[in-house]
Amino acid sequence: MKVLVPVKRVIDYNVKVRVKADGSGVDLANVKMSMNPFDEIAVEEAIRLKEAGKAEEIVAVSVGVKQAQETLRTALAMGADRAILVVAADDVHTDIEPLAVAKILAKVVEAEQPGLVLCGKQAIDNDMNATGQMLSALLGWSQGTFASELSVDGDHATVTREVDGGLQTIKVKMPAIITVDLRLNEPRYASLPNIMKAKKKPLDEKTAADYGVDVAPRLEIVKTAEPAARAAGIMVGSVDELVQKLKDVGAI
Amino acid sequence: MSTHSPFDSATQSPVFFDESLRMLRDQIRRFVETEIKPHADAWEAEGATPRALLRKIGDLGFFGIRYPEALGGSDLDQRATVIWAEELGRSTYSGVAITALVHTDMASVHIYNAGNDAQRAEWIPRCISGEAISAVAVTEPGAGSDVKGIATRARRDGDHYILNGAKMFITNGVLADVYCVAAKTDPEARPSQSVTMFLVEKGTPGFTVSRALDKHGWRSSDTAELRFDNARIPAANILGREGGGFYEIMKNFQNERLVLGAMCMGECQAALELTVAYLRDRKAFGAPLWDKQAIRQRLAMLSARVESCRQFIYATAARAAAGEEVVREVSMIKALAGELVNEVMYDCVQFHGGMGFMRESTIERMARDARVQSIGGGATEVMLEEVAKRM
Ligand SMILES: Cc1cc2nc3c(=O)[nH]c(=O)nc-3n(C[C@H](O)[C@H](O)[C@H](O)COP(=O)(O)OP(=O)(O)OC[C@H]3O[C@@H](n4cnc5c(N)ncnc54)[C@H](O)[C@@H]3O)c2cc1C
Ligand SMILES: Cc1cc2nc3c(=O)[nH]c(=O)nc-3n(C[C@H](O)[C@H](O)[C@H](O)COP(=O)(O)OP(=O)(O)OC[C@H]3O[C@@H](n4cnc5c(N)ncnc54)[C@H](O)[C@@H]3O)c2cc1C
């Protein structure tokens, strides 16, 4: 089985995000970018499937700016076998919307014929949580979202999903789209020898036009604003004082 | 605290580091954040960095940065080494950092650079995996800066050498498996021709660790005094040529100085980052202390000096990697960085107020750790003599 893992280049989760002065989005110039953490989990899961003899080949794919090739190299260094970069924007500030990404991925799936697509449940930059679901709809494949456990058995997969109030286990028919949640696994490090090997692994470069997909935005960002700054705290001397203060501010 | 800050703009620049090197930095940084920082207080208390950690580093290939692929390494150059040293320095636990850096860049390098094929094949793969940890023993109770003044003697006896003497301040001295030891083989020869390096295995009869030393800083690094009392070393364990030791030591110093300089820069970056964060948070006289120009301008100037020293290091690493002669530059770097890191720590402690003097603050440990940077691996004054000779 071939596993396709879409990975997104996003602002590193450790970076303190700054909103651009004009409110049009987040400032990404000279900012550390990394692989979306949920996608790292998807790559790790794919590698584990391969190590368990359930997958033969792992193909990582990224849709975005040319610099996303770094993200793909990271996937290759972790253990993916080859990568496809679909250049769909020039400006690092351009975010390709989930529907456009899903349409491109559908074409990639058509060309690659994977038995499984493993993607992150959402990207930490805009938290859309939509690409996997849209891809499933476009392909007419079954889907298992928010996976915290996954086992693949021949023509079906068993997925434990993290839902409100607990866990739900479902069985889906393969081929399938699985979107992964935080607790599925802990992604491995890319060892130095694997970083070196990744340089030699194939990375194909395509464009959105190659797949005939129009990536023009359908959504308009009206405004981006910083969260309200946290007010300064105070030290209280006793539980009584704490209760009184909470009453004073009307919290209880 | 953020693991990526404005201080990182040069570390991310493709002008200095290509994609794989940036990836290497990311991986080392993640390793430091998850495998070192949460655990290292215990190692500070124990006085050594555990072998289990060193094995994990070995598994990830970081000990093999400079060694050829045939021996299990990744065949990278000084630029990768600078990243390795800088990121370890940035851990805030320089005792852990020096444990690893002595192994990769000050000790095992002797085996690789001077050793023959058999010695390399026996030791380098094990040094890369972390199965064997190395130490280098040049300094003695009676001779440090003056390497030619060492008194340890190696006398030929058939197909062995008999070693007698003592070695002082040896990093990894207690826990290492293999030691690269400098001894005088021909005291009558010119000083530069009198020293030979030997490969000495732990457990060699007559070779003992006299004591573990109790240090001001680098407390998670074990440092020892060693004793050679008629220790019999097979003649096959000579590293390089008899009488060639002084030259080998001097040659390896080039890399060592670059590494210590880079380590200092990592220490500076971490100290500045955490002090700025502290000052943004700490309020006095009605506002965050960061609003005081007297404070922030001092830190701004320090950050400018750190940035210039760091980019000097990056540029020198790139030149060394291209095969250029950089003795003058690495001596400058060692002198500059070893002093600068202490200035940075002084001010960072100062701006932490009373907290900077408390054991519970990170900056207190960092200030102690930094002190040795102007002494070990070539004291500032000795480095400046090297620079002055080339003026
Ligand atoms: C924690 C630690 C770990 C170490 N690890 C190792 C190790 O693993 N292996 C090893 O071989 N050594 C190691 N050393 C030794 C280190 O390299 C020496 O301490 C250093 O070279 C200085 O030598 P010294 O201590 O004998 O000082 P000395 O040579 O006695 O010098 C004392 C001071 O005099 C000044 N000075 C010296 N020469 C001159 C000069 N020509 N002109 C002007 N001023 C001068 C300097 O300020 C110097 O600090 C370590 C030291 C420390 C503290
Ligand atoms: C070992 C020890 C013993 C002590 N014993 C006592 C004691 O017995 N009783 C007691 O009451 N206190 C005691 N103290 C507290 C001591 O007096 C304070 O630490 C000191 O006044 C500094 O205050 P702070 O630590 O809150 O630093 P902060 O007020 O937070 O200041 C931090 C740093 O910011 C800088 N700074 C502050 N204000 C300005 C400004 N306006 N402009 C520019 N820079 C500024 C300074 O560099 C300062 O060091 C002790 C402290 C120590 C470390």
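The structure presented is a predicted model; accordingly, all values stated were derived computationally and were not measured.

### Quick notes on the overall build of chain B
Then step 1. Helix and strand counts for chain B stand at eleven helices and ten strands.
Then step 2. On C-alpha atoms alone, chain B measures out to a radius of gyration of 21 Å, which is about the 21 Å that the 2.2 N^0.38 rule sets for 391 residues.
Then step 3. Structurally, chain B occupies a C-alpha span of about 80 × 45 × 40 Å along its principal axes.
Then step 4. Within the span of chain B, comprising 391 residues, buried residues form 58% of the whole.
Then step 5. A separation of at least 24 residues holds for 74% of the contacts in chain B among residues at least 6 apart in sequence.
Then step 6. Taken as a whole, chain B presents about 15500 Å² of accessible surface, with 53% of it coming from carbon and sulfur.

### Observations regarding the overall build of chain A
Then step 1. Within chain A, the regular secondary structure consists of six helices and eleven strands.
Then step 2. Oriented by its inertia axes, the alpha-carbon framework of chain A measures out at about 65 × 40 × 40 Å.
Then step 3. Across the 252 residues in chain A, those meeting the buried criterion constitute 47%.
Then step 4. Of the accessible surface of chain A, which amounts to about 13000 Å², a share of 51% is contributed by carbon and sulfur atoms.
Then step 5. Counting 31 positive and 36 negative side-chain charges, chain A places the centres of these two groups 3 Å from one another.

### Regarding helix α2 (residues 68–78) of chain A
Residue and element names in this part refer to chain A.
Then step 1. Counting buried positions along α2 yields nine of eleven residues, so the element is predominantly enclosed.
Then step 2. Among the residues of α2, those classed as buried are Ala68, Thr71, Leu72, Arg73, Thr74, Ala75, Leu76, Ala77 and Met78.
Then step 3. Directly beyond the C-terminal end of α2, a positive phi value near 150° is found at glycine 79.

### Observations concerning the UniProt feature "domain: Acyl-CoA oxidase/dehydrogenase middle" (unreviewed entry) in chain B
Then step 1. The sites that carry the UniProt feature "domain: Acyl-CoA oxidase/dehydrogenase middle" (unreviewed entry) are, in the present numbering, residues 135–230 of chain B.
Then step 2. With 0% helix and 50% strand, residues 135–230 of chain B has end C-alpha atoms that lie 20 Å from one another.

### Quick look at the UniProt feature "domain: Electron transfer flavoprotein alpha/beta-subunit N-terminal" (unreviewed entry) in chain A
Then step 1. The feature "domain: Electron transfer flavoprotein alpha/beta-subunit N-terminal" (unreviewed entry), as annotated in UniProt, sits at residues 23–215 of chain A in this numbering.
Then step 2. Regarding residues 23–215 of chain A, the helix share stands at 30% and the strand share at 31%, and the terminal C-alpha atoms are separated by 22 Å.

### Overview of the UniProt feature "domain: Acyl-CoA dehydrogenase/oxidase C-terminal" (unreviewed entry) in chain B
Then step 1. UniProt annotation of "domain: Acyl-CoA dehydrogenase/oxidase C-terminal" (unreviewed entry) refers to residues 243–391 of chain B when read in the numbering used here.
Then step 2. Measuring from the first to the last C-alpha atom of residues 243–391 of chain B gives 30 Å, for a span that is 74% helix and 3% strand.

### Brief notes about the interface of chain B and chain A
Then step 1. At the interface, 24 residues of chain B touch 20 residues of chain A.
Then step 2. In total, chain B and chain A occlude about 2100 Å² of area from one another, counting both sides; carbon and sulfur atoms represent 57% of this.
Then step 3. Of all residues in chain B, the largest losses of buried area upon contact with chain A belong to Glu19, Met23 and Arg30 of chain B, amounting jointly to 28% of the total for that side.
Then step 4. Where chain B meets chain A, there are nine residue pairs in polar contact (both at pLDDT 80 or more).
Then step 5. Among the elements that line the side of chain B that touches chain A, the one with the most residues is helix α1 (residues 19–36) of chain B, at eleven residues.
Then step 6. Partitioned by chemical class, the residues of the side of chain B that touches chain A number eight nonpolar, nine polar and seven charged.

### Regarding the site of ligand 2
All names here are of chain B.
Then step 1. For ligand 2, the full set of nearby residues is Arg282, Phe285, Leu289, Lys292, Ile295, Gln350, Phe351, Gly353, Gly354, Phe357 and Met358.
Then step 2. One of the side-chain nitrogen or oxygen atoms of arginine 282 is found 2.6 Å away from an oxygen atom of ligand 2.
Then step 3. Within the backbone of glutamine 350, an N or O atom sits 2.8 Å from an oxygen atom of ligand 2.
Then step 4. Taking 960 Å² as the accessible area of ligand 2 by itself, protein coverage stands at 43%.
Then step 5. Of the residues that constitute the shell around ligand 2, the class distribution is six nonpolar, three polar and two charged.

### Considerations on the nonpolar core
Then step 1. Residues Leu118 of chain A together with Leu24, Trp84 and Leu299 of chain B are the most contacted members of the largest nonpolar core, which totals 143 residues.
Then step 2. The dominant element in this core, judged by the number of residues it contributes, is helix α7 (residues 245–281) of chain B, at 17 residues.
Then step 3. Dropping the residues within four chain positions of it, leucine 299 of chain B is found in contact with Leu272, Thr275, Val276, Leu279, Trp290, Cys348 and Phe351 of chain B.
Then step 4. Among the nonpolar cores identified, the runner-up in size contains 27 residues, and Val63, Val86, Tyr211 and Val215 of chain A belong to it.

### Let's talk about the packing of aromatic side chains
Then step 1. Taken as a whole and assessed by the stated rule, the structure comprises eleven aromatic pairs over all chains.
Then step 2. Relative to phenylalanine 17 of chain B, the ring of phenylalanine 16 of chain B has its centre 6.2 Å away and its plane inclined at 50°; by these criteria the two rings are tilted.
Then step 3. When its relative accessible area of 2% is taken as the criterion, phenylalanine 17 of chain B is described as buried.
Then step 4. The interplanar angle of 80° and the centroid separation of 4.8 Å between the aromatic rings of tyrosine 179 of chain B and phenylalanine 207 of chain B together place this pair among those described as edge-to-face. Here tyrosine 179 of chain B is found in strand β4 (residues 178–184), whereas its partner phenylalanine 207 of chain B is found in strand β6 (residues 207–212), with 28 residues between them in sequence. In terms of burial, tyrosine 179 of chain B and phenylalanine 207 of chain B fall into one category: buried.
Then step 5. One aromatic cluster in this structure is built from Tyr189 of chain A together with Phe31, Phe62, Phe63 and Trp84 of chain B.

### Points about the pairing of strand β1 (residues 2–6) of chain A
All names here are of chain A.
Then step 1. Across the five residues that make up β1, a large majority, five, are buried.
Then step 2. Here β1 shows two buried faces, one formed by Lys2, Leu4 and Pro6 and the other by Val3 and Val5.
Then step 3. Note: β1 against strand β4 (residues 57–64), five bridges, orientation parallel. Opposite proline 6, over in β4, you have valine 61 as the bridge partner.
Then step 4. The pairing of β1 with strand β6 (residues 116–120) spans two bridges and is classified as parallel. Residue pairing for β6: valine 3 is matched across the bridge by leucine 116.

### Digging into the site of ligand 1
All names here are of chain B.
Then step 1. Taken together, 18 residues surround ligand 1, and among them Val136, Thr139, Ser145, Phe169 and Glu381 come closest.
Then step 2. Within the backbone of valine 136, a nitrogen or oxygen atom sits 2.8 Å from a nitrogen atom of ligand 1.
Then step 3. Here an oxygen atom of ligand 1 sits 2.9 Å away from a polar atom, N or O, in the main chain of valine 138.
Then step 4. Those elements giving two or more residues to the shell around ligand 1 turn out to be β1 (134–137), β3 (160–171) and α11 (380–389).
Then step 5. It is β3 that provides the largest number of residues to the shell around ligand 1, a total of three residues.
Then step 6. For the shell around ligand 1, a count of residues per class yields ten nonpolar, six polar and two charged.

### Notes on the sheet that holds β4 of chain A
All names here are of chain A.
Then step 1. If you trace the nine strands from one edge of the open sheet to the other, you get β9-β8-β7-β10-β6-β1-β4-β5-β11, paired in mixed fashion. One side of each edge strand has no neighbouring strand; the edge strands of this open sheet are β9 (166–173) and β11 (203–207). Mean inter-strand twist for the sheet, computed between neighbouring axes without regard to direction, equals 30°.
Then step 2. In this structure, β6 lies alongside strand β10 (residues 176–180), joined through five bridges in parallel fashion. The residue bridging leucine 116 from the neighbouring strand is alanine 176, located in β10.
Then step 3. α2 contacts β4, β5 (82–87) and β11 of the sheet and is inclined by roughly 165° relative to β5.

Conventions used here
- Residues numbered from 1 in each chain as written.
- Chains lettered and ligands numbered in written order.
- Predicted model: local features only at pLDDT ≥ 70, side-chain atom pairs only at ≥ 80, totals over all residues.
- Heavy atoms only, no water.
- Helix = DSSP H or I, 4+ residues; strand = E, 2+ residues; numbered from the N terminus.
- Rg over C-alpha atoms; globule rule 2.2 N^0.38 Å.
- Buried < 20%, exposed > 50% of the residue type's maximum accessible area, 1.4 Å probe, protein only.
- Contact = heavy atoms within 4.5 Å.
- Areas by Shrake-Rupley, 256 points an atom, 1.4 Å probe, with all protein chains shown as cover.
- Lys, Arg positive; Asp, Glu negative; His and termini not counted.
- Charge placed at Lys NZ, Arg CZ, Asp CG, Glu CD.
- UniProt positions renumbered as here; feature names shortened; annotations may be inferred.
- Buried area = accessible area lost by both parts, 1.4 Å probe.
- Polar contact = N/O pair within 3.5 Å; in protein donor to acceptor, adjacent residues only side chain to side chain.
- Nonpolar A, V, L, I, M, F, W, Y, C, P; charged D, E, K, R; others polar.
- Near = heavy atom within 4 Å.
- Core = buried A, V, L, I, M, F, W, Y, C linked by side-chain atoms within 4.5 Å.
- Phe/Tyr/Trp six-rings, centres within 6.5 Å; stacked < 30°, edge-to-face > 60°.
- Pairing = 2+ DSSP bridges.
- Axes fitted to C-alpha atoms, helices over the stretch in contact; angles between N-to-C directions.

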